[in-house]
Amino acid sequence: MIKIENASKVFAKGTPNEVYALKNVTLTIQKGDFVIVIGTNGSGKSTLLNAIAGTLMLDEGRIQINNEDVTKLPDFKRAKYIGRVFQNPFSGTAPNMTVAENLQLAYLRGEKKSLALAMTSAQKKFLRERVAELRMGLENRMDTPIGLLSGGQRQALTLLMATLKKPEILLLDEHTAALDPISAELVLVITQEIISKYHLTALMVTHSMSYATRFGNRVIMMNLGEVACDIQGEEKQTLTEQTLLKRFEERHIYIVI
Ligand code: ADP
Ligand code: MG
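Numbers given to residues run from 1 along each chain, matching the order in which its sequence is written. Here every chain gets a letter starting at A, and every ligand a number starting at 1, in the order they are written. Only residues with pLDDT of 70 or above have their local features reported here, since the model is predicted, and side-chain atom pairs are shown and tallied only from 80 upward, although totals for entire chains, interfaces and linings are computed over all residues. Side-chain calculation: all heavy atoms of the structure are included, whereas hydrogens and water are not.

Asks: An account of the nonpolar core is requested, with residue identities and associated values reported.
Replies: Residues enter a nonpolar core if they are buried and are Ala, Val, Leu, Ile, Met, Phe, Trp, Tyr or Cys, with the set joined through side-chain atoms within 4.5 Å. Only protein chains enter the accessibility calculation, which uses a 1.4 Å probe; a residue is then buried when its area is under 20% of its type maximum, exposed when over 50%, and partly exposed in between. Formed by 50 residues in total, the largest nonpolar core has its most connected members in Ile36, Ile38, Leu103, Leu157, Leu170, Val219 and Leu244. We call two residues in contact when some of their heavy atoms are within 4.5 Å. Ignoring anything within four residues of it in the chain, the contact list for Leu170 reads Gly83, Leu159, Ala162, Thr163, Ile195, Leu200, Thr201, Ala202 and Leu203. In terms of nonpolar packing, the next biggest core, distinct from the first, is built from 26 residues, Ile52, Ile63, Leu203 and Val205 among them.

What follows is the structure, given as structure tokens:
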């Protein structure tokens, strides 16, 4: 569970460029929630995710993860709770290292074992099986450098690496935005499978109204650093793109799709 109370973050305070990236945000996200985060450019979506991850410290307010107050904890001390995937398929993996080596790094993250330690055959088998779950045939390309794979394949592997240690929370910041529509769809379906299989609590930023209606059990609409709209339960289940656009219009938020 993530509990955010009265969270504010101001950039360029006291200057003409002052901007409230987060403005008194109060939000409780339950364990297992799959929250879609939408909103115009600059509305505070990435700032919200950065604040949860601890790559950015709040000016005001509190954040709790599983009832532990993490407000003052730096990102590396929250890392055990959190997996992240960003927009760029080239971030998050080492291009010259093979699929197996990249996965090994992710597997050993947070462990005291030396990286030089060879993987046991059981560990190799485990990683191969997880790669096979992506249904991209990458289990037969374990020795291929990741840099030679397509954007969609890399993003699927990045997702796998981010969730290999079963973190409580998965933060996805437009992680399919740089992919072609078919790869994006594939990565989204894999995302959904991983979230439900491992009961992760997830926030996924997207600009797609279609994704916002099709995926997740809750939609949060950010506007000027505030949660302008929070749709969940039955309303989310029956949500259409048209209704969602209407909710934007009601609040005089105009989006460019
Ligand atoms: P979104 O992800 O919704 O597009 P962001 O959370 O990245 O928006 O940004 C929210 C607002 O905060 C924007 O006006 C942005 O310009 C500003 N902002 C974000 N990060 C910084 C920063 N490091 N320095 C100054 N302003 C920032
Ligand atoms: Mg952003």
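Continuing now.
Asks: A description of the site of ligand 1 should follow, citing residues and the corresponding values.
Replies: Inspection of the region around ligand 1 gives Phe11, Val19, Ala21, Thr40, Asn41, Gly42, Ser43, Gly44, Lys45, Ser46 and Thr47 as its neighbouring residues. Here the open area of atoms and residues is found with the Shrake-Rupley method and a 1.4 Å probe, where only the protein chains shown may cover a residue. Contact with the protein chains hides 58% of the accessible area of ligand 1, taken as 560 Å² for the molecule alone. Each residue receives one of three labels: charged for Asp, Glu, Lys and Arg, nonpolar for Ala, Val, Leu, Ile, Met, Phe, Trp, Tyr, Cys and Pro, and polar for the others, Gly being one of them. Counted by class, the shell around ligand 1 contains three nonpolar, seven polar and one charged residues. Nearness here has a simple test: a residue counts as near a molecule or strand if at least one of its heavy atoms is within 4 Å of that partner.

Asks: Please provide a residue-by-residue account of the packing of helix α3 (residues 99-108) against helix α4 (residues 121-132), values included.
Replies: Axes here refer to lines fitted to C-alpha atoms; in helices the fit is confined to the stretch in contact. Angles between the N-to-C directions go from 0 to 180 degrees. What counts as a helix is a DSSP run of H or I of at least four residues, what counts as a strand is a run of E of at least two, and both are numbered from the N terminus. Remark: α3 packs on α4, axes separated minimally by 11 Å, with the N-to-C direction vectors making an angle of 110°. When the interaxial angle is binned, α3 and α4 end up roughly perpendicular. Across the interface between the two elements, Leu103, Gln104 and Tyr107 of α3 pack against Gln123, Phe126, Leu127 and Val131 of α4. Roughly parallel means an angle under 35 degrees; roughly antiparallel means over 145; roughly perpendicular covers 65 to 115; every other angle is labelled oblique.

Asks: Please set out the packing of helix α5 (residues 151-163) against helix α6 (residues 181-197) residue by residue, giving values where relevant.
Replies: The contact between α5 and α6 brings their axes to 9 Å, and the two run at 15°. Classified by the interaxial angle, the pair formed by α5 and α6 is roughly parallel. Pair α5 / α6 crosses with right-handed handedness. Mapping the contact onto sequence places Gly152, Gln155, Ala156, Leu159 and Thr163 in α5 and Ser183, Val187, Ile190, Thr191 and Ile194 in α6. Grouping the constituent residues of the contact of α5 with α6 by class yields five nonpolar, five polar and no charged. Crossing handedness is defined as follows: a turn of the near helix away from the far one that is anticlockwise and smaller than a right angle gives a left-handed crossing, while the clockwise case is right-handed.

Asks: Could you give me a rundown of the pattern of salt bridges, with the residues and numbers involved?
Replies: Between side chains of opposite charge, pairing is possible as soon as their charged atoms come close. Salt bridge criterion: a side-chain nitrogen from Lys or Arg within 4 Å of a carboxyl oxygen from Asp or Glu. Across all of its chains, the model carries 13 salt bridges by this definition. Ionic pairing is found between Glu250 and Arg247, a salt bridge with its closest N-O pair at 3.9 Å. Here Arg247 and Glu250 lie together in helix α9 (residues 241-250), a separation of three residues that amounts to about one turn. The exposure class assigned to Glu250 is partly exposed, which follows from its relative accessible area of 47%. Shared partners join several salt bridges into a network, and the residues in it are Glu5, Arg62 and Asp69.

Asks: So, the packing of aromatic side chains: which residues are in play, and what are the values?
Replies: Two aromatic rings from Phe, Tyr or Trp, using only the six-membered ring of Trp, form a pair when their centres are within 6.5 Å; if the ring planes differ by under 30 degrees the pair is stacked, by over 60 it is edge-to-face, and anything between is tilted. One pass over the full model with this rule turns up two aromatic pairs. A centroid spacing of 5.7 Å and a plane angle of 50° characterise the contact between Tyr107 and Phe126, whose relative ring orientation is tilted. Of the two residues, Tyr107 is situated in helix α3 and Phe126 in helix α4; the sequence distance between them amounts to 19 residues. Residues Tyr211 and Phe215 carry aromatic rings whose centres are separated by 6.0 Å and whose planes lie at 75° to one another, so their mutual orientation is edge-to-face. The exposure class assigned to Tyr211 is buried, which follows from its relative accessible area of 14%. The positively charged end of Lys23 is found above the aromatic ring belonging to Tyr20, 5.6 Å away from the centroid. Here, over-ring charges are defined by two tests on the NZ atom of lysine or the CZ atom of arginine: distance to the ring centre within 6 Å, and angle to the ring normal within 35 degrees. Just above the ring of Tyr107 sits the side chain of Lys165; from NZ or CZ to the centre is 6.0 Å.

Asks: Could you give an account of the sheet that holds strand β7 (residues 169-173), with specific residues and numbers?
Replies: Spatial strand order, β6-β7-β8-β3-β9-β10: six strands in an open sheet with mixed pairing. Both outer strands of the open sheet, β6 (82-85) and β10 (226-232), are each paired with one neighbouring strand and no more. Geometrically, the sheet is characterised by an average inter-axis angle of 15° between neighbouring strands, direction not taken into account. By the bridge criterion, five bridges tie strand β3 (residues 34-39) to strand β9 (residues 218-223) in an arrangement that is parallel. Within the sheet, the bridge partner assigned to Gly39 lies in β9 and is Met222. Pairing between strands is defined by DSSP: at least two bridges between them are needed.

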